[in-house]
Amino acid sequence: MRGWWQAAADLVLGVCCPLCGAPGLHACRACVTAIAPDPVLLDVGDISVAVAGVHQGPRREALLAWKVGGAASLDPLMAHHLAAAVVSLIGETSSLALVPVPSTRRSRRERGRDLVTDLAAATARTLVGVGVDAQVRPVLRLRRQTRDQHALSRRERALNVAGSMVAQRAPSGPVVVVDDVLTTGSTLLEAVRALAEAGAFPILGAAAVVTAQAGSSPVASHPDDGLRSR
Ligand SMILES: [Zn+2]
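Since this is a predicted model, take the numbers as computed values, not measurements.

Trainee: It is not clear to me how the nonpolar core should be interpreted in this structure. Could you clarify?
Mentor: Side chains of nonpolar character tend, in soluble globular proteins, to be buried together. In this structure, M78, V86, L96, L98, V176 and V178 are the most contacted members of the largest nonpolar core, which totals 38 residues. Per-element accounting of this core gives the leading share, 9 residues, to helix α4 (residues 75-90). Counting residues in each nonpolar core, the second largest holds 24 residues, with V49, L140, L182 and A206 among its members.

Here you go:
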């Protein structure tokens, strides 16, 4: 929670929309409107994955400003999008556990925080605000540190994460795995595998803010596109 003194300091120091530079504490209305959630459901392996949109245009700019640029003021916007994806996945379910995919030590060091767990927490608050009883259950741990997925092929990614996660316990009730970016889906599939092994049930699927996939074929990621792995 921001204290009044932080808001006051911002007024003195000057703050702006991290996307277009308009004055204000958060993303401005024009930018938020330009990247309204547009959820789609994808089949990844044998799970359903909901994403709020494709990683292109203004949505891509926003994701990069948040993930690579460190614009934490975009947390509520990212949470809004992830919450919309979750809602499109869960149907009538009104109570669920959000399980963030675990971050590598490298990712936490680069980002300065556990981005996906923070995103899950903000998303749970957003969902509670619309009447869905969502709780964050960060039960997944990495058994080993995985390689940066960024330059890996689909097959290499699958091998890189296979067996890498363990669930410390199974959350009770319906479960949705959450991540920021869906690339090949290998990370989400490993998360679901680990949760199922621990006895989680039912696992409704997974949700992400954006997908790097257009249709069924993955979009090649550019070295600077911010899609470096967890
Ligand atoms: Zn703006």
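We are not done yet, so read on.
Trainee: Please clarify how the coordination of the zinc ion should be interpreted in this entry.
Mentor: Put simply, a metal with four donors set out as a tetrahedron has ideal angles of 109.5 degrees, and one with six donors set out as an octahedron has ideal angles of 90 or 180 degrees. The protein atoms that coordinate the zinc ion are C17 (SG), C20 (SG), C28 (SG) and C31 (SG), at distances of 2.3 Å. Note that the zinc ion binds 4 donor atoms; their angles at the metal cover 104 to 118°, and the shape is tetrahedral. Ordering the donors of the zinc ion by residue number gives the pattern C-x2-C-x7-C-x2-C. Taken together, the residues C17 in the loop between α1 (4-13) and α2 (29-34) and C31 in helix α2 connect sequence positions 14 residues apart. Per residue, the accessibility class of C17 equals that of C31, and both read buried.

Trainee: Help me understand helix α6 (residues 115-129) in this model?
Mentor: Because an α-helix packs 3.6 residues into every turn, residues spaced three or four apart end up facing the same way. Taking 1.5 Å per residue as the helical rise, α6 with its 15 residues ought to reach 21 Å, and the 21 Å between its terminal C-alpha atoms agrees with that figure. Buried residues of α6: L115, V116, L119, A120, A122, T123, A124 and L127, and no others. Phi for G131, located one or two positions after α6, is positive at around 95°.

Trainee: Would you take a moment to explain the side chain of Q149 for this structure?
Mentor: Within the secondary structure, Q149 sits in the loop between β5 (140-142) and α7 (154-161). A residue is classified by how much of its surface remains accessible, and Q149, at 2% relative accessible area, is buried. Among the polar contacts made by the side chain of Q149, one reaches the side chain of N160 at a distance of 2.8 Å.

Basis of the calculations
- Residues numbered from 1 in each chain as written.
- Predicted model: local features only at pLDDT ≥ 70, side-chain atom pairs only at ≥ 80, totals over all residues.
- Heavy atoms only, no water.
- Core = buried A, V, L, I, M, F, W, Y, C linked by side-chain atoms within 4.5 Å.
- Buried < 20%, exposed > 50% of the residue type's maximum accessible area, 1.4 Å probe, protein only.
- Helix = DSSP H or I, 4+ residues; strand = E, 2+ residues; numbered from the N terminus.
- Donors = N, O, S within 2.8 Å, 3.2 Å for Na, K, Ca; no water.
- Tetrahedral: all angles 85-135°; square planar, octahedral: opposite > 155°, others 65-115°.
- Expected span 1.5 Å × (residues − 1).
- Polar contact = N/O pair within 3.5 Å; in protein donor to acceptor, adjacent residues only side chain to side chain.

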